[in-house]
Amino acid sequence: VPSNSPVGAQFPFSGIDDRENWPIVFYNRTCQCQANFTGYNCGECMYGYTGPNCTVRRTMIRKDIFKITTAEKDKLLAYLNLAKRTISPDYVIATGTYEQMNNGSNPMFADINVYDLFVWLHYYASRDAFLEDGSVWARIDFAHEAPGFLPWHRFFLLLWGREIQKVTGDENFTI
């Protein structure tokens, strides 16, 4: 259940930036998967489930980065480097504003590698807020200074881990 807490006095605006009401503003614009399915097209198992019908419960263990072995560190670095060289088969990024795309009739998108996709997602969540008059409000970072901090980063790491699992074929990989 998303928080309905106010953003706080550090952002004295309302209804201006789509990240003000994260995550519900995004959930209401995406498909609603049924049962234990998730993903942009509801074709993947929800986190913690596996199997052909996503009914088998699976526990994943995330290790403390300071306690991984040299072999685990080498594997992590190899996987991150592979993600930097692998174009995402599922996602693209917008290269123009909604206005520049003329309400969608002039699509402006580019392929992106799996690693940079997550750089872009984190940037998007923490970038300055754009206001109605075209100015920028730089005094808030919605990803780090708002009620969505913990759920945003938890989801971010789960999604990043899942995408690296798909790139590497290693279903046991976690971040």
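Bear in mind the structure is a predicted one, so any value in this text is a computation, not a measurement.

Novice: Which residues make up the state of the cysteines, and what are the values?
Specialist: One pass over the structure, following the stated rule, counts two disulfides. Linked covalently through their sulfurs, C33 and C42 form a disulfide whose S-S length is 2.1 Å. Between C33 and C42 the disulfide shows an S-S torsion of about -85°. By sign, it is left-handed. The partly exposed category is assigned to C33, whose relative accessible area is 25%. In this structure C42 comes out as partly exposed when scored by relative accessible area, which is 22%. Here the disulfide map of the chain reads 1-2, 3-4, the bonded cysteines being numbered as they appear in the sequence.

Novice: Could you give an account of the packing of aromatic side chains, with specific residues and numbers?
Specialist: Inspection of every chain in the model, using the stated rule, returns eight aromatic pairs. Ring centres 5.3 Å apart and planes at 65° place the aromatic pair Y79 and F173 in the edge-to-face group. In this pair, Y79 sits in helix α2 (residues 70–84) while F173 sits in the segment after α4 (149–168), placing the two residues 94 residues apart along the sequence. As far as the burial class goes, Y79 and F173 line up, both buried. Aromatic side chains W120 and Y124 sit 5.8 Å apart centroid to centroid with 15° between the ring planes, which places their arrangement in the stacked category.

Novice: Residue-level account of the pattern of salt bridges, with values.
Specialist: By the definition in use, this model includes six salt bridges. In this structure, the salt-bridge partner of E72 is K63, at a minimum N-O distance of 2.9 Å. A salt bridge links E163 to K166; its shortest N-O distance comes to 2.9 Å. In this pair, E163 and K166 both sit in helix α4, three residues apart, roughly one turn of the helix. Salt bridges sharing partners connect three or more residues here, namely E44, D90, R162, E163 and K166.

Novice: Can you tell me about the nonpolar core, naming the residues and giving the values?
Specialist: Nonpolar side chains in soluble globular proteins generally cluster together in the buried interior. Core analysis: the largest hydrophobic core is formed by 16 residues, its most contacted members being L117, F118, W152, F156, W160 and I164. Those elements giving two or more residues to this core turn out to be α2, α3 (114–126) and α4. In terms of residues, this core owes the most to one element, α4, which gives five residues. If we skip the residues at most four places from it in the chain, F156 touches F118, L121 and H122. Judged by nonpolar contacts, the second largest core, of six residues, contains A129, L131, W137 and F142.

Novice: Could you give me a rundown of the packing of α3 against α4, with the residues and numbers involved?
Specialist: At a minimum axis separation of 10 Å, α3 and α4 run at an interaxial angle of 165°. In terms of orientation, α3 lies roughly antiparallel with respect to α4. The two elements α3 and α4 meet at a crossing, and its hand is right-handed. The segment α3 lies against α4, with V114, Y115, F118, L121, H122 and A125 engaging W152, H153, F156, L159, W160, E163 and V167. Considering only residue class, the contact of α3 with α4 consists of ten nonpolar, two polar and one charged.

Novice: How would you sum up α4? Please name residues and give values.
Specialist: Helix length check: α4 (20 residues) gives 28 Å between terminal C-alpha atoms against 28 Å at 1.5 Å per residue, within 8%. All of the buried residues in α4 are W152, H153, F156, L159, W160, G161, R162, E163, I164 and Q165. Buried residues belonging to α4 abut β1 (37–38), β2 (44–45), α2, β5 (87–94) and α3. Just beyond α4, the residue with positive phi is G169, at close to 80°.

What counts, and at which threshold
Residues numbered from 1 in each chain as written. Predicted model: local features only at pLDDT ≥ 70, side-chain atom pairs only at ≥ 80, totals over all residues. Heavy atoms only, no water. Disulfide = S-S within 2.5 Å. Buried < 20%, exposed > 50% of the residue type's maximum accessible area, 1.4 Å probe, protein only. Phe/Tyr/Trp six-rings, centres within 6.5 Å; stacked < 30°, edge-to-face > 60°. Helix = DSSP H or I, 4+ residues; strand = E, 2+ residues; numbered from the N terminus. Salt bridge = Lys/Arg side-chain N within 4 Å of Asp/Glu carboxyl O. Core = buried A, V, L, I, M, F, W, Y, C linked by side-chain atoms within 4.5 Å. Contact = heavy atoms within 4.5 Å. Axes fitted to C-alpha atoms, helices over the stretch in contact; angles between N-to-C directions. Parallel < 35°, antiparallel > 145°, perpendicular 65-115°, else oblique. Left-handed = near helix turned anticlockwise from the far one by under 90°. Nonpolar A, V, L, I, M, F, W, Y, C, P; charged D, E, K, R; others polar. Expected span 1.5 Å × (residues − 1).

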